[in-house]
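Chain by chain, the residues:
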Amino acid sequence: MDLGAFSVSLGVKDLATSQAFYENLGFQVFAGQIDHNYLILKNGETLIGLFQGMFEGQMLTFNPGWDQTAQNTENFSDVREIKAKLAAGGIKIEQEQGGETGPASFVVHDPDGLPILIDQHR
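Here the structure is a predicted model, which is why all the values come from computation and not from measurement.

Student: With reference to specific residues and values, describe the overall build of the protein chain.
Tutor: In terms of helices and strands, the protein chain carries two helices and eight strands. Here the C-alpha radius of gyration of the protein chain, 15 Å, is about what a compact globule of 122 residues would show, namely 14 Å. Projecting the C-alpha coordinates of the protein chain onto the three principal axes gives extents of approximately 45 × 30 × 25 Å. Across the 122 residues in the protein chain, those meeting the buried criterion constitute 36%. Residue pairs at least 24 apart in sequence account for 48% of intrachain contacts in the protein chain once pairs closer than 6 positions are excluded. Within the protein chain, the 16 negative side-chain charges are centred at a point lying 4 Å from the centre of the 7 positive side-chain charges.

See the structure below:
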């Protein structure tokens, strides 16, 4: 199962303040829009998503179909295949979005309650 690009998504109180902090750690804005309340920052191959007002806390995020530079990969595990495999293994699927093809997402929680977003953009 290929989960694609990995990032840590952080629910932040003040996007501009968090952006400045992570830029001081060497991250640069890679994607997102501050007027849409989110930014994706990159330092080497490390990605961090900053999200204001969308959720609280932190979340692990995987993007099937993307590599660490958000470029499409030729072969990948479709989000629906991943969901079916996890569900068959007894993992509860939550917050499902999307149709039978194309972009779709869902959330699972690890044994300690940490949310994991599987978010396919294509």
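Student: Describe in detail the nonpolar core, supporting the description with residues and values.
Tutor: Counting 10 residues, the largest nonpolar core consists of Phe62, Val79, Ile82, Leu86, Ile93, Ala104, Phe106, Val108, Ile116 and Ile118. For this core, the elements supplying multiple residues, two or more each, are α2 (79-88), β7 (104-109) and β8 (115-120). Those residues in contact with alanine 104 that lie beyond four places of it in its chain are Val79, Arg80, Gln97, Gly98, Ile118, Asp119 and Gln120. Residues Leu15, Leu39, Leu41 and Ile48 belong to the second largest nonpolar core, which totals nine residues.

Student: Report on the sheet that holds β7, specifying residues and quantitative values.
Tutor: The pairing of strands in a sheet happens through backbone hydrogen bonds and is either parallel or antiparallel. Strand order in the open sheet made by the eight strands is β2-β3-β4-β1-β5-β8-β7-β6, with mixed pairing throughout. Every interior strand has two partners, whereas the edge strands, β2 (28-33) and β6 (94-98), have only one. Adjacent strand axes in the sheet meet at a mean angle of 25° when their direction is disregarded. Where strand β5 (residues 58-63) meets β8, three bridges bridge the pair, whose relative direction is parallel. Directly across from phenylalanine 62, in β8, lies its bridge partner isoleucine 118. Of the strands in this sheet, β6, β7 and β8 are in contact with α2, which crosses β7 at around 30°.

Student: A description of the environment of glutamate 74 should follow, citing residues and the corresponding values.
Tutor: Within the secondary structure, glutamate 74 sits in the loop between β5 and α2. It is 31 Å that separates the C-alpha atoms of glutamate 74 and methionine 54, two residues lying 20 residues apart in sequence.

Student: Before we move on, could you go through the environment of leucine 15 and cite the residues and values that matter?
Tutor: Positionally, leucine 15 belongs in helix α1 (residues 15-24). For leucine 15, a relative accessible area of 1% puts it in the buried group. Separated by 12 residues in sequence, leucine 15 and phenylalanine 27 have C-alpha atoms that sit 14 Å apart. Once residues within four sequence positions are removed from consideration, leucine 15 is found in contact with Ile34, Asn37, Tyr38, Leu39, Leu50 and Gln52.

Student: Outline the environment of methionine 1, listing residues and values.
Tutor: Relative to the assigned elements, methionine 1 resides in the segment before β1 (5-12). Its relative accessible area of 53% is what places methionine 1 among the exposed residues. As a C-alpha pair, methionine 1 and phenylalanine 76 span 75 residues in sequence and 8.1 Å in three-dimensional space. Setting aside its immediate chain neighbours within four residues, methionine 1 contacts Ser77, Ile82, Lys85 and Leu86.

Calculation criteria
- For every chain, the first residue of the written sequence is number 1, and numbering continues from 1 along that sequence.
- Totals for whole chains, interfaces and linings use every residue, but because this is a predicted model, local features are given only for residues with pLDDT of at least 70 and side-chain atom pairs only at 80 or more, for both listing and counting.
- Computation of side-chain values: all heavy atoms of the structure, hydrogens and water removed.
- Per the convention used, a helix needs a DSSP run of H or I reaching at least four residues, while a strand needs a run of E reaching at least two, with both numbered from the N terminus.
- What the globule rule says is 2.2 Å times the number of residues to the power 0.38, and the radius of gyration is computed from C-alpha atoms.
- Partly exposed residues are those whose accessible area sits between 20% and 50% of the maximum for their type, while under 20% is buried and over 50% is exposed, using a 1.4 Å probe and protein chains only.
- Note on contacts: a residue pair qualifies if any of its non-hydrogen atoms lie within 4.5 Å across the two residues.
- Charge counting treats Lys and Arg as positive and Asp and Glu as negative, with His and both chain ends excluded.
- By convention, charge coordinates are those of NZ in Lys, CZ in Arg, CG in Asp, or CD in Glu.
- In this text, buried Ala, Val, Leu, Ile, Met, Phe, Trp, Tyr and Cys residues form a nonpolar core when linked through side-chain atoms within 4.5 Å.
- Following DSSP output, two strands are said to pair if at least two bridges run between them.
- To obtain each axis, a line is fitted to C-alpha atoms, and for helices this fit is confined to the stretch in contact; angles are then taken between N-to-C directions over 0 to 180 degrees.

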